[in-house]
Amino acid sequence: DDAIGRSAVKRGAQDYIVKSILETNLLNRAIFHSIERKQTEEELRKSEEKYRELFLRSKDAIYMSTVEGDFIDINPAGLALFGYALDDLRTLKVKDLYVNERDRIQLIEELNTKGEVEDYEIVLVKKDKATRLHCLLTTLVIYDNNNQVIGFQGIIKDFTEKKNAEDALVKS
């Protein structure tokens, strides 16, 4: 029985009770932990659902990317902002959004130094490569358990209309 229990735990079981030593307090403990685990899993599911909704419904672009510049995820607002479809995400690289690749290098240097940036002004480009977007990035570094940089996550706010209005006002 004990070997079967250990084997079951290795395959994903949360707990086991050996029939030959079945006692009321052991059974009560197992039931209590099972109920507690189920409640925790439900709370986690609700929390994940809440943040997923925030990600999907945000009017600003929200993204996650690897250090190498591959997108892990970008929300619908981000896809719409840059003119891409969800299918494009497999081949889209972060560098594809930059007018000047040197701007990305400078951003990564600042992120590596500070760990985050807030309202970092940058010019990005839509899929058509002609439409430039004046954006503010709020981005932070994602670290692994060994404190190694594994990626970035952030929010991109488009302020092109505001920038164009300011430029027009200065010219007049």
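Structure: above.
What you are looking at is a predicted structure, and each value in this text was computed from that prediction instead of being measured. All residue numbers refer to positions counted from 1 along the written sequence of the respective chain. Per-residue local features of the predicted model are confined to residues with pLDDT of at least 70, and side-chain atom pairs are confined, for both listing and counting, to 80 or more; whole-chain, interface and lining totals are unaffected and use all residues. Excluding hydrogens and water, the side-chain values take into account all heavy atoms of the structure.

Before going further, it helps to spend a moment on the overall build of the protein chain. If you tally the helices and strands in the protein chain, you get five helices and five strands. Reading the helices (α) and strands (β) of the protein chain from amino to carboxyl end gives α-α-β-β-α-α-β-β-β-α. Here the C-alpha coordinates of the protein chain stretch approximately 90 × 30 × 30 Å along the principal axes. Surface accessibility follows the Shrake-Rupley procedure with a 1.4 Å probe radius. Residue values consider only the protein chains on display as shielding. When the accessible area of the protein chain is evaluated, it comes to approximately 12,100 Å², of which 52% is carbon and sulfur surface. Counted as positive: Lys and Arg. Counted as negative: Asp and Glu. His and the chain ends are not counted at all. Charge coordinates come from a single atom per side chain, which is NZ of Lys, CZ of Arg, CG of Asp or CD of Glu. Here the protein chain contributes 27 positively and 32 negatively charged side chains, and the mean placements of these two sets differ by 3 Å. Counting from the N terminus, the helices are the DSSP runs of H or I reaching at least four residues and the strands are the DSSP runs of E reaching at least two.

Bringing the sheet that holds strand 1 (residues 61-66) into the picture now. The five strands are arranged 2-1-5-4-3 in an open sheet whose pairing can be described as antiparallel. On the outer flanks of this sheet lie strand 2 (71-74) and strand 3 (116-125), each paired with one strand and no other. The average angle at which neighbouring strand axes cross in this sheet is 25°, direction not considered. Relative to strand 4 (residues 132-143), strand 3 is paired through eight bridges, and the arrangement is antiparallel. Along strand 4, the bridge assignment pairs Val 125 with Arg 132. Any two residues having at least one pair of non-hydrogen atoms within 4.5 Å are treated as being in contact. Axes here mean lines fitted to C-alpha atoms, for a helix over just the part in contact, with angles spanning 0 to 180 degrees between N-to-C directions. Here helix 4 (residues 101-114) sits on the sheet in contact with strand 1, strand 3, strand 4 and strand 5 (149-158), set at roughly 170° to strand 3. When DSSP finds two or more bridges between a pair of strands, those strands are recorded as paired.

A word on the packing of aromatic side chains. Between the rings of Phe, Tyr and Trp (Trp by its six-membered ring), a pair exists once the centres lie within 6.5 Å; its type follows the angle of the planes, with under 30 degrees stacked, over 60 edge-to-face, and the other angles tilted. The final tally for this structure, using the stated rule, is one aromatic pair. Considering the side-chain rings of Tyr 63 and Phe 71, the 6.4 Å spacing of their centres and the 80° angle between planes classify their relative orientation as edge-to-face. Like Tyr 63, the residue Phe 71 is buried in the burial classification. Partly exposed residues are those whose accessible area sits between 20% and 50% of the maximum for their type, while under 20% is buried and over 50% is exposed, using a 1.4 Å probe and protein chains only.

Phe 71, Phe 82, Leu 124, Leu 137 and Ile 156 are the most contacted members of the largest nonpolar core, which totals 26 residues. Residue assignment for this core shows that the elements contributing at least two residues are strand 1, strand 2, helix 3 (76-82), helix 4, strand 3, strand 4 and strand 5. With near-sequence residues (within four places) excluded, Phe 71 lies in contact with Tyr 63, Met 64, Ser 65, Leu 89, Leu 92, Lys 93, Val 94 and Leu 97. In plain words, nonpolar cores are sets of buried Ala, Val, Leu, Ile, Met, Phe, Trp, Tyr and Cys residues tied together by side-chain atoms within 4.5 Å.

Now for unusual backbone geometry. Not every positive phi belongs to a glycine, and Asp 119 is a case in point at roughly 50°. Residue placement: Asp 119 occurs in strand 3. Overall, the relative accessible area of 43% leaves Asp 119 in the partly exposed class. Positioned with a positive phi, Asn 147 is a non-glycine residue whose angle comes to about 65°. In this structure, Asn 147 sits in the loop between strand 4 and strand 5. Judged by relative accessible area, Asn 147 falls into the exposed class, the value being 56%.

Structurally, Thr 66 is set in strand 1. Those residues within four positions of Thr 66 in sequence are excluded, and the remaining contacts are Ile 72, Arg 104, Ile 150, Gly 151 and Phe 152.

Geometry only, nothing functional implied.
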